[in-house]
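Summary of structural features
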Amino acid sequence: MKLVGIVGTNATNSTNRQLLQYMQQHFAKQATIEIAEIAGLPAFNEPEDRTAPAPVQALSDQIVAADGVIFATPEYDHSIPAVLKSAIEWLSYTTRPLISKPVMIVGASNGSLGTSRAQAHLRQILEAPELKALVMPNVEYLLGHSLQAFDEAGNLKDATKAAELDDDFTAFMAFVDLTAKITPANKFVEKNQQFSWSQVANGRDI
């Protein structure tokens, strides 16, 4: 199984990157996880021709080639970082590679609650009509106190949190297999549809 793990921040030192690196090594016998960075993406600017800049196209190509996607997000002011929202806006407005793509959300934060509010917000975003990602239900991996969570070798210190991640990842692999079986063969047809964020329906922007 081939997966893409997206680091949801442009921070140089990030425990969310550490979490994905841990998953990359720990689950190497079960899946290939390619880690993707969004730090080099330009800020979203809604281009008239809907053409993705080269770095955005490269990220999109990674997603298309993968069986599933793992988003690792920190929590900033009860939500996801602006750089992650910008990256997702590029994808939704241009190439739309997340349509029917299985997604797992994880998050690390030095707070005690992990990234619960950011993950809830990210789930809502990814299920928007312009994205239509298949976010795995009933799973929310929250790594709190993340600055103290890893040892010098990059492994999780807490055996309980490590076991929880093992269970969640096993569930995600099953979810990827299941969605591959039930998703229609024409799942990419919708990519040809163009959404306009300035359209109005029932008095509200859509």
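An unreviewed UniProt entry lists the protein chain under the name NADPH-dependent FMN reductase, with Lactiplantibacillus nangangensis given as the organism.

The helix and strand inventory of the protein chain stands at 5 helices and 8 strands. In the protein chain, the order of α-helices and β-strands from amino to carboxyl end is β-α-β-α-β-α-β-α-β-β-α-β-β. A total of 206 residues make up the protein chain; the buried ones form 48% of that total. In the protein chain, the proportion of contacts linking residues at least 24 apart, taken out of those at least 6 apart, comes to 79%. Here the protein chain has roughly 10200 Å² of accessible surface; of this, 50% comes from carbon and sulfur atoms.

Bringing the pattern of salt bridges into the picture now. By the definition in use, this model includes 4 salt bridges. A salt bridge links Arg-117 to Glu-75, with the nearest nitrogen and oxygen atoms 2.9 Å apart. Remark: Glu-75 occurs in the loop between strand 3 (68–72) and helix 3 (82–93) and Arg-117 occurs in helix 4 (residues 116–126); sequence separation between them is 42 residues. When its relative accessible area of 15% is taken as the criterion, Glu-75 is described as buried.

Moving on, we come to unusual backbone geometry. Phi angles above zero are rare outside glycine, and Ser-100 is one such case at about 60°. With respect to the secondary-structure elements, Ser-100 resides in the loop between helix 3 and strand 4 (102–108). Phi angles above zero are rare outside glycine, and Lys-132 is one such case at about 55°. Following the sequence through the fold, Lys-132 ends up in the loop between helix 4 and strand 5 (134–135).

Attention now moves to the pairing of strand 1 (residues 2–7). Counted residue by residue, strand 1 has 5 buried out of 6 residues, so it is predominantly covered. Strand direction decides the pairing type here: strand 1 and strand 2 (residues 32–37), joined by 6 bridges, are parallel. Within strand 2, the position partnered with Val-7 by the bridge is Glu-37. Regarding topology, helix 1 (residues 15–26) serves as the crossover connection from strand 1 to the parallel strand 2, and that connection is right-handed. The pairing of strand 1 with strand 3 spans 5 bridges and is classified as parallel. For Ile-6, the partnering residue across the bridge sits in strand 3 and is Phe-71.

Rules of the game
- Residues numbered from 1 in each chain as written.
- Predicted model: local features only at pLDDT ≥ 70, side-chain atom pairs only at ≥ 80, totals over all residues.
- Heavy atoms only, no water.
- Helix = DSSP H or I, 4+ residues; strand = E, 2+ residues; numbered from the N terminus.
- Buried < 20%, exposed > 50% of the residue type's maximum accessible area, 1.4 Å probe, protein only.
- Contact = heavy atoms within 4.5 Å.
- Areas by Shrake-Rupley, 256 points an atom, 1.4 Å probe, with all protein chains shown as cover.
- Salt bridge = Lys/Arg side-chain N within 4 Å of Asp/Glu carboxyl O.
- Pairing = 2+ DSSP bridges.
- Right-handed = clockwise from strand over helix to strand, strands pointing away.

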